[in-house]
Amino acid sequence: MYRYLFIILTYTLVSAKFRFDNYTLYKIIPENEKHIQILQDILEYDQRYDFWTYPAPGAKFVNIMSSPENKADLENTFNSNDIKFSISMTNVQEVIDKETVGRYTRSNLRSMRWDTYYNLRQINDWLDDIVSRYSNAASIIVGGESFEGRPIRGVKISHGSGRRAIFIESGIHAREWITMATTNYIIDQLLRSNDPEVQAAARDYDWYIFPVTNPDGYVWSHEEFRMWRKNRRPIGSQFGVDLNRNWNSNWLLHGSSTNPATDNYAGPGPFSEPESRTLSEYIRSLSGQIDLYLSMHSFSELLLLPFGNSTQQYANYQDAISIGRRAMGALSVRYGTQYTTGNIAEAIYLATGGSIDWVKSALNIPLVYCYEFRDKGQYGFLLPANQIRPNSEEVLDSLLEMIHQAKRFGYMNGSASGSASSLRVSLWSMLCVIVVGFMRK
Ligand code: 0X9
Ligand code: ZN
């Protein structure tokens with residue numbers, strides 16, 4: 001009898017979800033370099049606080065979460081240094097409780113909604129269902145494996161062979177739930193939309209889309225600790241490697257930590273983690289085909305370009321910036337959301353070992369971007385589910401414009417000779433050359 005009670009009690013204690021009761025989320029607008037320096041010192045020397053954004057020199061805002069016990073100390077530091085702050089959330093747990101996690105009913109595509117989040121099992125069920133419903137164009141792909149042995153599952157959408165490829169890597173940070181949801185929406189639209197522009201994008205390219213590239217972390221963020229970012233590798237008494245610091249590109253040089261207790265722990269070595277290593281091998285196997293690579297993150301409303309270690313410009317940097325800016329123009333049309341486009345190192349902070357840096361430098365893929373979705377620090381990682389649809393719609397708008405602009409700048413036409421739109425483009429350019437030649441005579 002006591003034995004059973006003991007087992008039940010231990011189970012409840014061990015499996016109890018961490019609660020963020022009365023945790024506060026601060027939003028700080030630093031006014032000078034001294035403010036930034038103070039925030040950086042807190043981040044470096046005081047492990048009590050969770051920085052949701054990094055206090056980089058150019059940071060327009062910084063979000064910090066504090067437990068109720070440590071609030072007073074933090075506010076004292078703010079006040080004594082004249083740092084102005086507002087409170088985005090007075091009780092983080094309350095916002096978590098309002099976050100809806102829906103239930104997808106197996107074999108019922110209509111039960112998939114865009115105003116609720118889903119756990120890994122439900123996303124996997126939905127992926128299986130949508131792929132079997134649209135088996136003419138869609139198939140399940142496995143891009144690698146997690147530390148705990150879960151497959152990194154995705155969808156390939158292809159309407160014929162020989163097309164150039166677009167690769168979407170999403171959810172490498174577990175707590176950024178909007179990224180998995182929006183990436184699922186993109187899959188859904190590419191297969192089901194009636195919009196001719198979306199249909200053309202689906203038809204003209206091979207799409208490789210991975211909504212959850214950190215499955216162990218995602219499960220943990222649902223079941224145990226909502227604010228989990230890393231994978232789940234045990235290191236002594238600590239857990240987790242930041243998978244966006246573990247790629248073999250200037251590993252550990254900037255914005256990374258050797259301390260496994262921190263959220264940006266880069267791991268014991270480059271590609272030490274199965275998630276980043278196996279996914280990178282998969283990407284490499286496709287590298288000759290990929291013209292556009294996107295890495296989906298949240299939050300801050302940014303479109304970032306490599307590299308994370310310097311503002312040094314690579315060969316087609318100006319093209320990539322122009323294409324990106326125009327895409328963000330299109331993103332702003334529907335709901336007025338204003339993204340900033342820039343190089344990682346200047347737009348946020350020096351941070352190396354990230355996926356897009358490796359993809360750009362090791363594989364030389366022409367267009368590589370990292371999105372940081374909504375919002376600008378009001379809800380941060382806890383973006384309310386009623387913003388899934390608007391966020392997804394504006395991101396898809398921007399993606400269509402990105403493809404359009406990339407083509408104008410001479411990208412993404414590659415050897416996709418079989419594709420309808422590239423054929424159209426070639427016919428048009430031939431016609432223009434003939435007309436111009438004729439007029440000159
Ligand atoms: O720090 C990151 O990994 C990303 N920001 S987040 O708040 N989502 O964690 C930015 C990634 C930029 N890319 C590289 N540093 N390569
Ligand atoms: Zn992220």
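Analysis parameters
- Residues numbered from 1 in each chain as written.
- Chains lettered and ligands numbered in written order.
- Predicted model: local features only at pLDDT ≥ 70, side-chain atom pairs only at ≥ 80, totals over all residues.
- Heavy atoms only, no water.
- Donors = N, O, S within 2.8 Å, 3.2 Å for Na, K, Ca; no water.
- Helix = DSSP H or I, 4+ residues; strand = E, 2+ residues; numbered from the N terminus.
- Buried < 20%, exposed > 50% of the residue type's maximum accessible area, 1.4 Å probe, protein only.
- Pairing = 2+ DSSP bridges.
- Right-handed = clockwise from strand over helix to strand, strands pointing away.
- Contact = heavy atoms within 4.5 Å.
- Axes fitted to C-alpha atoms, helices over the stretch in contact; angles between N-to-C directions.
- Domains from an automatic or database assignment.
- Salt bridge = Lys/Arg side-chain N within 4 Å of Asp/Glu carboxyl O.

Asker: Got a minute to help me understand the coordination of the zinc ion (ligand 2) in this structure?
Answerer: Think of it this way: four donors in a tetrahedron around the metal ideally sit 109.5 degrees apart, and six in an octahedron ideally sit 90 or 180 degrees apart. At this site the zinc ion (ligand 2) is bound by His173 (ND1), Glu176 (OE), Glu176 (OE) and His297 (ND1), with donor distances of 2.0 to 2.3 Å. Binding-site remark: the zinc ion (ligand 2) is held by donors from one chain whose sequence spacing is H-x2-E-x120-H. Of the two residues, histidine 173 is situated in the loop between β7 (165–170) and α6 (177–192) and histidine 297 in strand β11 (residues 290–298); the sequence distance between them amounts to 124 residues. Assigned by exposure class, histidine 173 and histidine 297 land together as buried.

Asker: Teacher, can you tell me more about the pairing of strand β12 (residues 302–305) here?
Answerer: For a regular strand, the rule is simple: side chains alternate between the two faces of the sheet. Here β12 shows no split at all, with Leu302 and Leu304 on one side and Leu303 and Leu305 on the other all buried. Bridge analysis of β12 against strand β13 (residues 340–343) gives 4 bridges, and the strand direction is parallel. Considered in β13, the bridge of leucine 304 is made with glycine 342. Following the backbone out of β12, through helix α10 (residues 317–335) and into the adjacent parallel β13, one traces a crossover that is right-handed. Alignment of β12 against strand β14 (residues 367–373), held across 3 bridges, turns out to be antiparallel. Following the sheet pairing, leucine 302 is matched in β14 by glutamate 372.

Asker: Please clarify how the sheet that holds strand β3 (residues 62–66) should be interpreted in this entry.
Answerer: The strands making up a sheet associate through backbone hydrogen bonding, with each pair oriented either parallel or antiparallel. Taking strand neighbours across the sheet as the criterion, the 4 strands line up as β2-β3-β1-β4 in an open arrangement whose pairing is antiparallel. Of all the strands in the sheet, the pair left with one neighbour each is β2 (50–51) and β4 (85–89). Examined bridge by bridge, strand β1 (residues 24–28) and β4 share 4 bridges and lie antiparallel to one another. Residue lysine 27 lies in a different strand from β4, and its bridge partner there is serine 86. Relative to β1, helix α3 (residues 71–80) is tilted by about 10°, and along the sheet it contacts β1, β3 and β4.

Asker: Which parts of the structure should I look at to understand the domain arrangement of the protein chain?
Answerer: The accessible area lost on association of the parts is a frequent measure of interface size. Domain annotation for the protein chain reports domain 1 (2–92) and domain 2 (109–408). Averaged C-alpha coordinates put domain 1 and domain 2 at centres separated by 26 Å. Between domain 1 and domain 2, the residue contacts involve 22 residues of the former and 23 residues of the latter. For the interface between domain 1 and domain 2, the tally reads 1 salt bridge.

Asker: How should unusual backbone geometry be read in this particular structure?
Answerer: Trans is the prevailing form of peptide bonds, just as negative phi is the prevailing case for residues other than glycine. Residue serine 298 is joined to phenylalanine 299 through a cis peptide bond whose omega torsion reads 5°. Mapping phenylalanine 299 onto the fold places it in the loop between β11 and β12. Residue proline 306 is joined to phenylalanine 307 through a cis peptide bond whose omega torsion reads 10°. Mapped onto the fold, phenylalanine 307 is located in the loop between β12 and α10. Phi is positive for asparagine 250, close to 50°, though the residue is something other than glycine. Mapped onto the elements of the fold, asparagine 250 is located in the loop between β10 (238–239) and α9 (274–285). For asparagine 250, a relative accessible area of 37% translates into the label partly exposed. Unusually for a residue other than glycine, glutamate 301 sits at a positive phi of about 65°. Within the fold, glutamate 301 resides in the loop between β11 and β12.

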